[in-house]
Amino acid sequence: MNILDSKETRWWKLPRGGDERSLRSSEEIRKAAEFLRNGGLVAFPTETVYGLGADATCDEAVSGIFAAKGRPSDNPLIIHLGDASGLADWVEEITPAARKLAEAFWPGPLTLVLPHRGNLSPRVTAGLPTVAVRVPSHPVARALILEAGIPVAAPSANRSGRPSPTEARHVFEDLRGRIDVLLDGGPCGVGVESSVVDVTGPVPVLLRPGGISAEEIRRTVGSLEVDGGGISASRAPKSPGMKYRHYAPRGELWLVAGSPEEARKRINRMLEEARRQGKRTGVLTTEESEDHYRADVVVSCGRRSDPSSVARALYASLRRFDEEDVDLILAETFPEEGLFHSVMNRLRKAAEGKTFIPDDE
Ligand code: TXA
Ligand code: MG
């Protein structure tokens, strides 16, 4: 057995619908907070995805996160605060854009990048002069962080490269034996990670699209630059995490562009070919089109008419293809607006850019 897989992982279910106050006095939260204060690793639900938490001021605890996930150490972590009033303890300056965005969207699925004060573990920031901070809205996350009384560094609680976990069992699959506690608060509501915005300069820059749409952010701060995402080799990525392969199921994933009707025709043709080659096939679609495909596994990821339902179901849908041992997955695409922009960002990374454009035929 790998030395990493030898921890006892406690899986604690919390009552659904509990508020932060009653949760804070629960046995589970008090014990989990104690694990955090003592340098342990605790996975917990947030409104976006499950996080893998450790004390952000303790080098050893933070190193544990990187080891458990198999995460490259040059990819910095987000610190989670129980409430916005603690922000000034960790950042050097709260810029006007930071203030506006925090007021509009905290607690919630938004992360702000600001210059730090040098009092966090340098492993959290991977040696950068800035730190990414967010205040999650999930009552379990807030109760845990407030009870622990420390900033909690937390990436998504998956093995590096895999789809992020939106249910406790996803965390267990990936990190069993590698973490001390898994707090089970049920499925996450948003389903994609927080939007990461660099607010250090005069014009805020969207580094990672997420749970708050670019349109909503722009309405709040007036102007917003959108970072290409570190794919270009000519310059260092602003958000280091964006350069790695991510969110990927084990099977080969192709995105199929075009309207739902065009994609449907093309996908069915590609399925025939794949079947002839003896491949086990899968299609990622939505409720509107699920009856139109002849694949071994058809996964319906929410409703196209409701982008938030697609975001919520996305990662569990990608994991389904692994559970079903699919070799080739063909996915419909979505228009690049609102939450669909975040969904497409994850899908493109999961497919490593492999997109089939029907016009190319
Ligand atoms: O919703 C979320 O944000 C989830 C939950 C658990 O809060 N967390 C999450 O963390 O997605 P992670 O580690 O998977 O993603 C953090 C992202 C990465 O793209 C990383 O490169 C970027 O934030 N990041 C962290 N610190 C940064 C910094 N100082 N400057 C620029 N980007 C930073
Ligand atoms: Mg992640």
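Here the structure is a predicted model, which means the values were calculated and not measured. (Residues numbered from 1 in each chain as written. Chains lettered and ligands numbered in written order. Predicted model: local features only at pLDDT ≥ 70, side-chain atom pairs only at ≥ 80, totals over all residues. Heavy atoms only, no water.)

## Quick look at the confidence of the model for the protein
Mean pLDDT for the protein: 94, with 93% of residues reaching 70 or above. Strand 2 (residues 42-44) holds the highest mean pLDDT among the elements of the protein, 99, whereas strand 16 (residues 355-356) holds the lowest, 92. Here residues 230-237 is a poorly scored stretch, pLDDT under 50, and it has five contacts once near neighbours within four places are set aside; other chains count. (pLDDT = per-residue confidence, 0-100. Helix = DSSP H or I, 4+ residues; strand = E, 2+ residues; numbered from the N terminus. Contact = heavy atoms within 4.5 Å.)

## Observations regarding the packing of helix 10 (residues 307-323) against helix 11 (residues 338-350)
For the pair helix 10 and helix 11, interaxial distance at closest approach is 8 Å and the crossing angle is 20°. In terms of their interaxial angle, helix 10 and helix 11 are classed as roughly parallel. In terms of crossing hand, the pair formed by helix 10 and helix 11 is left-handed. Contact residues: helix 10 offers Pro307, Ser308, Val310, Ala311, Leu314, Tyr315 and Leu318, while helix 11 offers Leu339, Phe340, Val343, Arg346, Leu347 and Ala350. Looking at the contact of helix 10 with helix 11 residue by residue, the class counts come to eleven nonpolar, one polar and one charged. (Axes fitted to C-alpha atoms, helices over the stretch in contact; angles between N-to-C directions. Parallel < 35°, antiparallel > 145°, perpendicular 65-115°, else oblique. Left-handed = near helix turned anticlockwise from the far one by under 90°. Nonpolar A, V, L, I, M, F, W, Y, C, P; charged D, E, K, R; others polar.)

## Some words on the pattern of salt bridges
Throughout the structure, instances matching the rule amount to 24 salt bridges. For Arg162, the salt bridge identified is with Asp322, shortest N-O distance 2.6 Å. With a gap of 160 residues between them, Arg162 in the loop between strand 7 (152-153) and helix 7 (168-175) and Asp322 in helix 10 connect regions that are remote in the sequence. Just as Arg162 is buried, Asp322 falls in that class too. Residues Asp306 and Arg303 are paired through a salt bridge, measuring 3.0 Å at the closest nitrogen-oxygen approach. Relative accessible area serves as the criterion here: at 22%, Asp306 is assigned to the partly exposed category. When its relative accessible area of 32% is taken as the criterion, Arg303 is described as partly exposed. Taken together, the shared-partner salt bridges connect Arg162, Glu167, Arg169, Glu173, Asp174, Arg250, Arg319, Asp322 and Glu323 into one network. (Salt bridge = Lys/Arg side-chain N within 4 Å of Asp/Glu carboxyl O. Buried < 20%, exposed > 50% of the residue type's maximum accessible area, 1.4 Å probe, protein only.)

## So, the pairing of strand 12 (residues 252-256)
Two elements, strand 12 and strand 15 (residues 328-332), share five bridges in a ladder whose sense is parallel. What sits directly across from Leu253, in strand 15, is Ile329. Looking at chain direction, strand 12 and strand 16 are connected through two bridges and run parallel. The partner of Val256 across the bridge, within strand 16, is Phe356. (Pairing = 2+ DSSP bridges.)

## Here we look at the packing of helix 2 (residues 27-37) against helix 6 (residues 139-148)
At a minimum axis distance of 8 Å, the contact between helix 2 and helix 6 shows a crossing angle of 55°. Considering the angle they form, helix 2 stands oblique to helix 6. Two packed elements cross with a definite hand, and for helix 2 against helix 6 that hand is right-handed. Packed against helix 2, whose contacting residues are Ile29, Arg30, Ala32, Ala33, Leu36 and Arg37, the element helix 6 presents Val140, Ala143, Leu144, Glu147 and Ala148 at the interface.

## Remarks on the sheet that holds strand 3 (residues 51-55)
Read from one edge to the other, the open sheet built from eleven strands follows the order 1-8-2-3-7-4-6-5-9-10-11, with strand pairing classed as mixed. Either end of the sheet is taken by a strand with one partner, and the two such strands are strand 1 (10-13) and strand 11 (225-226). Sheet analysis places strand 1 next to strand 8 (residues 181-184), joined by four bridges and oriented parallel. Paired with Trp12 across the two strands is Leu183, which belongs to strand 8. Sheet strands in contact with helix 3 (residues 59-69) are strand 3 and strand 7, and its direction is about 150° off that of strand 3. With respect to the sheet, helix 4 (residues 96-105) is in contact with strand 5 (110-115) and strand 9 (195-198), its orientation differing from that of strand 5 by roughly 155°.

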